[in-house]
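Fold and geometry: a report
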Amino acid sequence: MNRRATKAAGAAKSAGATLHGVVIAAHGRHYLVAPDGGGAHLQCFPRGKKSEVAVGDRVEYQSTSADQGVIVAIGERRNLLYRSDQFKSKLFAANLDQLLIVLATEPHFSEDLLGRALVAAEANDLKPLIVLNKIDVEAALPLARARLERYRALGYTVLELSVKGRPQEARETLAEHLHGHQTILLGQSGMGKSTLVNLLIPDAEAATREISTALNSGRHTTTFTRLYRLPEGGALIDSPGFQEFGLYHLTEGKLERAFPEFRPLLAHCRFYNCHHLHEPGCAILEAIDDGRIAPERQALYAQLMHEISQVVR
Ligand SMILES: Nc1nc2c(ncn2[C@@H]2O[C@H](COP(=O)(O)OP(=O)(O)O)[C@@H](O)[C@H]2O)c(=O)[nH]1
Ligand SMILES: [Mg+2]
Ligand SMILES: [Zn+2]
C-alpha cells in the first residue's frame, strides 16, 4: 500500500477534500469506489441527476462518511463500452484494453456471438483474445478447433485451456496475457467463465458478497458489472449476462473496418461508397468468389449493416 496516499486520504477525509479512486462496481445509481492507495471501498453516488459513471472509470470523489461518498468528476476515458439494443444504449465499462472471449469444446459455442464479439472489439480498439476452454473433453476438441481455424487465420490469438482440468497451466497462460491490462470477459453460459474468474481471483466470491452488500442489491447479485484487480496487476471486468456490446451505434465506416480481412480490399471496390452487399466490382464480393474471404463473414457483415440501419436514433 502507498503510505503517503493513505495518509493524505486520511487528512483529506476530515477536510472534505477531493479524493481519487476507481469505480469497481455499479448497480443503478450506486457505485463502489476503490480509493487510490488502498483502504476500504466507498459507496458513492454521482453528484448530478443523470448517472453517467461506468465501471473502470477513474473518479474524483468527496467522502461524506467513513464508507460513503459523492462522485464529483470523471477522469478522461480511453474508451467506453455500451450495452445497447435497438432503442437505447447504456454505458457500462470504461478504460479497457482487451476483450477475453471464453468459448468451450462443449456445449457448442455460437459462432455468431463470437463474430459479433470480434467486431465489437475491433470497433472499440480492444485487443480480442479467444479462450477455447475444456480441451480435456477430447471427443469435442477436433470440431471446436476446426471451427476456430478461420479466426486463427485472421490473426486472432486462441488460447487452448482446461481451466478445471489443468488449472495451474491455465493460470500461467492467462496471467501472461492479462498481466497489466484491463480485460473484459465475455462468454455464453456454460463455457467456464465463473471457473476462470475463481481461478484468477481467489477471493472473487468474498468480493462479490462485499459488493452486493455495499450496493444493497440483495438478490440481484449476479446482474451487476464488477471489476476485480488481478494479483499481478491489471484487472478483470465481469458483466454477467452480457453477450453483446457496442454494435448498434456503429457507423458503416467503422463496421467495414472491423473485419480485418476486408481492410486491405476496401480501396479496391469500383464505387467509392460501395456497401459490399451486391454492388458490381465490389472487391469484397470478388474475394468471396475466389475463396479469399469466407462467405459467412460477409453474411455477418450484411446482417450487422441491416441491424444498424434499424436503430432508432
Ligand atoms: N471438463 C471441463 N469442465 C469445465 C472446465 N471448466 C469449467 N468446467 C465446467 O463447466 C461447467 C460450467 O462452468 P461455469 O464456470 O459455471 O461456466 P459459466 O456459465 O461460463 O460461468 C461447470 O460444471 C464447470 O465445472 C474444464 O476445463 N473442463
Ligand atoms: Mg457463470
Ligand atoms: Zn465493396
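Here the residue index of a chain counts from 1 through its sequence in written order. To label them, take the chains in the order written and letter them from A, then take the ligands in the order written and number them from 1. Totals for whole chains, interfaces and linings use all residues, but because this is a predicted model, local features are given only for residues with pLDDT of at least 70 and pairs of side-chain atoms are given and counted only at 80 or more. Heavy atoms from the whole structure form the basis of all side-chain values; hydrogens and water molecules are not counted.

This part is about the environment of arginine 263. Summarising the element assignment, arginine 263 is placed in the loop between α7 (252-257) and α8 (283-289). We classify arginine 263 as partly exposed; its relative accessible area is 31%. Every residue pair with non-hydrogen atoms within 4.5 Å of one another is taken to be in contact. Non-local contacts of arginine 263, meaning those with residues more than four positions away in its chain, are made with Glu122, Arg257 and Ala258. Whenever two N or O atoms come within 3.5 Å, that pair is a polar contact, provided that in protein one can donate a hydrogen and the other can accept it, and provided that, for residues adjacent in sequence, both atoms are side-chain atoms. In terms of polar contacts, arginine 263 uses its side chain to reach the backbone carbonyl oxygen of arginine 257, at 2.6 Å. Here a helix means four or more residues in a row that DSSP labels H or I, a strand means two or more in a row labelled E, and each is numbered from the N terminus. Only protein chains enter the accessibility calculation, which uses a 1.4 Å probe. A residue is then buried if its area is under 20% of the maximum for its type, exposed if over 50%, and partly exposed in between.

For the rest of this paragraph, the subject is the packing of helix α2 (residues 111-123) against helix α3 (residues 141-153). Only C-alpha atoms enter the line fits that serve as axes; for helices the fit covers just the stretch in contact. Angles between N-to-C directions range over 0 to 180 degrees. Close contact between α2 and α3 brings their axes to 12 Å; oriented N to C, the two are set at 20°. In this view, α2 runs roughly parallel relative to α3, as classed from their interaxial angle. Seen from above, α2 lies across α3 with right-handed handedness. Contacts between α2 and α3 involve Glu111, Leu114 and Leu118 on the former and, on the latter, Arg147, Leu148, Arg150 and Tyr151. Here the residues of the contact of α2 with α3 are counted per class, giving 4 nonpolar, no polar and 3 charged. Any angle between 65 and 115 degrees counts as roughly perpendicular, while under 35 counts as roughly parallel, over 145 as roughly antiparallel, and the rest as oblique. Handedness of a helix crossing follows the sense of rotation of the near helix relative to the far helix, less than a right angle counterclockwise being left-handed and clockwise being right-handed. Residue type decides the class: Asp, Glu, Lys and Arg count as charged, Ala, Val, Leu, Ile, Met, Phe, Trp, Tyr, Cys and Pro as nonpolar, and the leftover types, Gly among them, as polar.

Right, let's get into the coordination of the zinc ion (ligand 3). Coordination of the zinc ion (ligand 3) by the protein comes from Cys269 (SG), Cys274 (SG), His276 (ND1) and Cys282 (SG), over a distance range of 2.1 to 2.4 Å. Sodium, potassium and calcium take a 3.2 Å donor cutoff, other metals 2.8 Å, and in both cases only N, O and S atoms count; water is not among them, so sites may look incomplete. Between consecutive donors of the zinc ion (ligand 3), the numbers of intervening residues give the motif C-x4-C-x1-H-x5-C. Both residues of the pair, cysteine 269 and histidine 276, belong to the buried class.

The next thing to look at is the pairing of strand β8 (residues 98-104). When you tally the buried positions in β8, you get 7 out of 7 residues, the bulk of the element. Here β8 shows no split at all, with Gln98, Leu100, Val102 and Ala104 on one side and Leu99, Ile101 and Leu103 on the other all buried. Paired strands, as defined in this entry, are two strands with at least two bridges between them according to DSSP. Here β8 runs beside strand β9 (residues 127-133); their pairing, made up of 7 bridges, is parallel. Bridge pairing links valine 102 to valine 131 in β9. A clockwise path from the first strand over the helix to the second, with the strands pointing away from the viewer, defines a right-handed crossover. What joins β8 to β9 is α2, and the crossover it makes is right-handed.

When two rings of Phe, Tyr or Trp (its six-membered ring) have centres within 6.5 Å they constitute a pair, described as stacked for plane angles under 30 degrees, edge-to-face for angles over 60, and tilted for the intermediate range. Evaluated as defined, the whole model comprises 3 aromatic pairs. Consider the rings of phenylalanine 259 and tyrosine 301, whose centres lie 5.9 Å apart with planes at 85°: the pair is edge-to-face. With phenylalanine 259 in the loop between α7 and α8 and tyrosine 301 in helix α9 (residues 295-309), this residue pair connects regions lying 42 residues apart in the sequence. Take phenylalanine 259: its relative accessible area is 0%, and that puts it in the buried class. Every member of this aromatic cluster is reached through a ring pair, and the members are Phe259, Phe262 and Tyr301. One cation-aromatic arrangement involves arginine 83 over phenylalanine 92; the distance from NZ or CZ to the ring centre is 5.4 Å. Sitting over the ring of phenylalanine 109, arginine 147 keeps its end group 4.1 Å from the ring centre. Comment: the charge-over-ring label is applied if NZ (Lys) or CZ (Arg) is within 6 Å of the ring centre and within 35 degrees of the ring normal.

Moving on, we get to the packing of α2 against α9. When two helices pack together, their arrangement is captured by the angle between the axes and the distance separating the axes. It is at 11 Å that the axes of α2 and α9 come closest, and there the two elements cross at 70°. With respect to their mutual orientation, α2 and α9 come out roughly perpendicular. Here the hand of the crossing between α2 and α9 comes out right-handed. Between α2 and α9, the contacting residues are Asp112, Gly115, Arg116 and Val119 on the first element and Arg297, Leu300, Gln303, Leu304 and Glu307 on the second. Across the contact of α2 with α9, the residue classes break down as 3 nonpolar, 2 polar and 4 charged.

In this analysis, the expected span of each helix is defined as 1.5 Å times one less than the number of residues it contains. Taking 1.5 Å per residue, 13 residues should reach 18 Å; α3 reaches 18 Å between its end C-alpha atoms and fits that length. Helix geometry: α3 is bent most strongly at arginine 147, by close to 35°. Listed in full, the buried residues belonging to α3 are Leu141, Ala144, Arg147, Leu148 and Tyr151. Of the surrounding secondary structure, the elements contacted by the buried residues of α3 are β8, α2, β9, β10 (157-160) and α9. Directly after α3, the chain includes glycine 155, whose backbone phi takes a positive value near 105°. Here the bend at a residue is taken as the angle between two axes, fitted respectively to the seven residues that end there and the seven that start there.

This part takes up the domain arrangement of the chain. An automatic or database domain assignment is the source of the domain bounds shown. As assigned here, the chain comprises domain 1 (3-74), domain 2 (80-244) and domain 3 (252-309). Taken residue by residue, the interface counts 10 residues in domain 2 and 14 residues in domain 3. The junction of domain 2 with domain 3 conceals about 980 Å² of combined surface from both sides, 60% of it contributed by carbon and sulfur atoms. Here, a salt bridge means any side-chain nitrogen of Lys or Arg that lies within 4 Å of a carboxyl oxygen of Asp or Glu. Taken together, the links from domain 2 to domain 3 amount to 3 salt bridges. A salt bridge links arginine 116 to glutamate 307; its shortest N-O distance comes to 2.7 Å. At the boundary of domain 2 and domain 3, one finds 4 residue pairs in polar contact (both at pLDDT 80 or more). Of all elements in the fold, only α2 and α3 reach the threshold of two or more residues within the side of domain 2 that touches domain 3. Broken down by element, the side of domain 2 that touches domain 3 gets its largest block of residues, 6 residues, from α2. For the side of domain 2 that touches domain 3, a count of residues per class yields 5 nonpolar, 1 polar and 4 charged. Buried area: the accessible area, evaluated with a 1.4 Å probe, that two parts lose upon being put together, summed over both parts.

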